[in-house]
Amino acid sequence: YWVAENGAPTESQQTIAQVTMSPKTVGAYTDISRQLILQSSLDVQNMVTRDLATIIGLGIQAAAINGAGSGNEPTGILTAVTASQIGGTDGLAPTWAHIVGLESDIAANNADVGTMGYLTNAKVRGKLKTTLKSTTAGASYLWEGGADGIINGYRAFASQQIPSNLTQGTSTTICSSIIFGDFAQALLGIWGDAVDLIVDPYSSKNQNMIEVTAVLMCDV
């Protein structure tokens, strides 16, 4: 408020919201034979532990990006947010106008803060690496650099957790997504210290197998 001398501005208050999370369990398990443990030159138990931890991480990443929000799964970005740039009624290859449009949509909502970036899958990355910004001589490609590159001056990454089997109009199960935003605003809540590992040498003892289970409780 603009006020006269000795005048007081009208009171206003900040709007503060609470983000509510509830624990959801992601898990994976595998069986190891005792013979493999005894005969292998590798540290099999550590290899399996690392592999299960990686699988759990991929599961969390998939949920954060595209979780359905049902069936005990968190709600992901693509489920929670309505697409602001549509590549045509029946799908369309991404263009420079789409890329800049994503940036403009964020800025129009005063949300272009923090460390912004683009995220898509390997198929779209390949397309962007071979698509020029314009037909003008000397124009650069939409994706510049290597596997982790630059789009529109922002960092760009590819993850296979971004779906490539979406449907747009008559383009059935072949479309992909591009996400642009401040990924630091994506909150991951974790209950417990880390991934819990449960080693069970008894349930499959008749088959001479050891069962290893990894579980983590989290929400997005």
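Just so we're clear, the structure is a prediction, and the values are computed from it rather than from any experiment. (Residues numbered from 1 in each chain as written. Predicted model: local features only at pLDDT ≥ 70, side-chain atom pairs only at ≥ 80, totals over all residues. Heavy atoms only, no water.)

**Student:** Explain the sheet that holds strand β1 (residues 24–33) to me, and be specific about the residues and the numbers.
**Tutor:** What the three strands build is an open sheet, ordered β1-β10-β9; its pairing is antiparallel. With partners counted over all chains shown, the strands left at the sheet margins are β1 and β9 (189–200), one partner each. Neighbouring strand axes in the sheet, compared pairwise and without regard to direction, differ in orientation by 10 degrees on average. Sheet topology places β9 next to strand β10 (residues 209–219); eight bridges connect them, and they run antiparallel. Its bridge partner lying in β10, I198 is registered against T213. (Pairing = 2+ DSSP bridges. Helix = DSSP H or I, 4+ residues; strand = E, 2+ residues; numbered from the N terminus. Axes fitted to C-alpha atoms, helices over the stretch in contact; angles between N-to-C directions.)

**Student:** Before we move on, could you go through the pairing of strand β2 (residues 116–120) and cite the residues and values that matter?
**Tutor:** In terms of burial, β2 is a largely internal element, five of the five residues being buried. Judged by which residues are buried, β2 turns out to be covered on both faces: M116, Y118 and T120 on one side and G117 and L119 on the other are all buried. With four bridges connecting them, β2 and strand β8 (residues 179–182) associate as antiparallel partners. Among the inter-strand pairings, M116 is bridged to a residue of β8, identified as D182. Relative to strand β5 (residues 154–158), β2 runs parallel, the two sharing four bridges. In the strand pairing of β5, G117 is matched with R155. (Buried < 20%, exposed > 50% of the residue type's maximum accessible area, 1.4 Å probe, protein only.)

**Student:** Can you tell me about the packing of aromatic side chains, naming the residues and giving the values?
**Tutor:** Between two aromatic rings, the relevant description is the distance of the centres plus the angle of the planes. Summed over the entire model, instances satisfying the criterion amount to three aromatic pairs. Plain terms: the ring middles of Y118 and F180 are 4.3 Å apart, the flat faces sit at 35 degrees to each other, and that makes the pair tilted. With Y118 in strand β2 and F180 in strand β8, the pair connects residues that are 62 residues apart, well separated along the chain. Looking at Y118, the relative accessible area reads 1%, which means it is buried. Summarising the aromatic geometry, the rings of Y154 and F180 are spaced 5.0 Å apart at their centres and angled 70 degrees between planes, so their arrangement reads as edge-to-face. One end of the pair, Y154, is in strand β5; the other, F180, is in strand β8, with 26 residues separating them in the sequence. We classify Y154 as partly exposed; its relative accessible area is 22%. Exposure remark for F180: the relative accessible area of 9% places this residue in the buried category. One aromatic cluster in this structure is built from Y118, Y154 and F180. For K133, the ring lying beneath its charged end belongs to W96, and the centroid distance is 4.5 Å. (Phe/Tyr/Trp six-rings, centres within 6.5 Å; stacked < 30°, edge-to-face > 60°. Lys NZ or Arg CZ within 6 Å of the ring centre and 35° of its normal.)

**Student:** Outline the sheet that holds β8, listing residues and values.
**Tutor:** Read from one edge to the other, the open sheet built from five strands follows the order β3-β4-β5-β2-β8, with strand pairing classed as mixed. Only two strands of the sheet have a single partner each, and these edge strands are β3 (144–145) and β8. Sitting on the sheet, helix α4 (residues 96–108) touches β2, β4 (149–151), β5 and β8, and the angle it makes with β2 is about 135 degrees. (Contact = heavy atoms within 4.5 Å.)

**Student:** Now, about α4: what can you tell me, with residues and values included?
**Tutor:** For an α-helix, the turn length of 3.6 residues means that residues three or four places apart are oriented alike. The terminal C-alpha atoms of α4, which comprises 13 residues, lie 18 Å apart, in line with the 18 Å expected from a rise of 1.5 Å per residue. In this fold, the buried residues of α4 make contact with β2, β4 and β8. Looking one or two residues past α4, N110 carries a phi angle of roughly 55 degrees, positive in sign. (Expected span 1.5 Å × (residues − 1).)

**Student:** Lay out the pattern of salt bridges in plain terms, naming residues and giving numbers.
**Tutor:** Across all of its chains, the model carries two salt bridges by this definition. Linking D219 and K24 is a salt bridge whose minimum nitrogen-to-oxygen distance equals 3.2 Å. Of this pair, D219 sits in strand β10 while K24 sits in strand β1, and the two are 195 residues apart along the sequence. Residue D219 shares its accessibility class with K24, and that shared class is buried. Among the ionic pairs, K133 bridges to E144, the shortest N-O distance being 4.0 Å. In this pair, K133 sits in the loop between α5 (122–129) and β3 while E144 sits in strand β3, placing the two residues eleven residues apart along the sequence. (Salt bridge = Lys/Arg side-chain N within 4 Å of Asp/Glu carboxyl O.)

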